[in-house]
Amino acid sequence: MHAEIGELVIESRDLSHGGIFLFTGDQVNLPPGTGVTIQDQDMGSAAPVVSATIVRVEPAGIALMFCVD
């Protein structure tokens, strides 16, 4: 989720404690350093909304680093 793109439902890979890769393709045109929020839809509405920062942009998608409060 981001104000410029709204909400997207997309596939992911490489989930770790530190971050995740999202297969956004050309749906997201945001630069590294941009903050976004994500929520795992497989867990249903009870899943937490998590803040993350874009750290890498590739043709297939974006790599995110989770923000730790």
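Our subject is the structure listed above.
The rules behind each value
- Note on numbering: residues in each chain are counted from 1, in written sequence order.
- With the structure being a predicted model, the display of local features is reserved for residues of pLDDT at least 70 and the display and counting of side-chain atom pairs for 80 or more, all residues being used for whole-chain, interface and lining totals.
- As a rule here, side-chain values come from all non-hydrogen atoms in the structure, and water together with hydrogens is ignored.
- Two strands qualify as a pair provided DSSP detects at least 2 bridges between them.
- What counts as a helix is a DSSP run of H or I of at least four residues, what counts as a strand is a run of E of at least two, and both are numbered from the N terminus.

> Go over the pairing of strand β4 (residues 50-57), please, and point to the residues and values.
The pairing of strand β3 (residues 35-38) with β4 spans four bridges and is classified as antiparallel. When the sheet's bridge partners are listed, Gly35 is paired in β4 with Thr53. In this sheet, strand β5 (residues 62-66) lies alongside β4 in antiparallel orientation, the contact comprising five bridges. If you follow Thr53 over to β5, its bridge partner there is Met65. Turn length for the β4-β5 hairpin, with the two strands adjacent in sequence and antiparallel, is four residues.

> Mind laying out unusual backbone geometry, listing which residues take part and the relevant values?
Within the chain, Asp14 stands out as a residue other than glycine whose phi angle is a positive 55°. Counting through the fold element by element, Asp14 comes out in the loop between β1 (12-13) and β2 (19-22).

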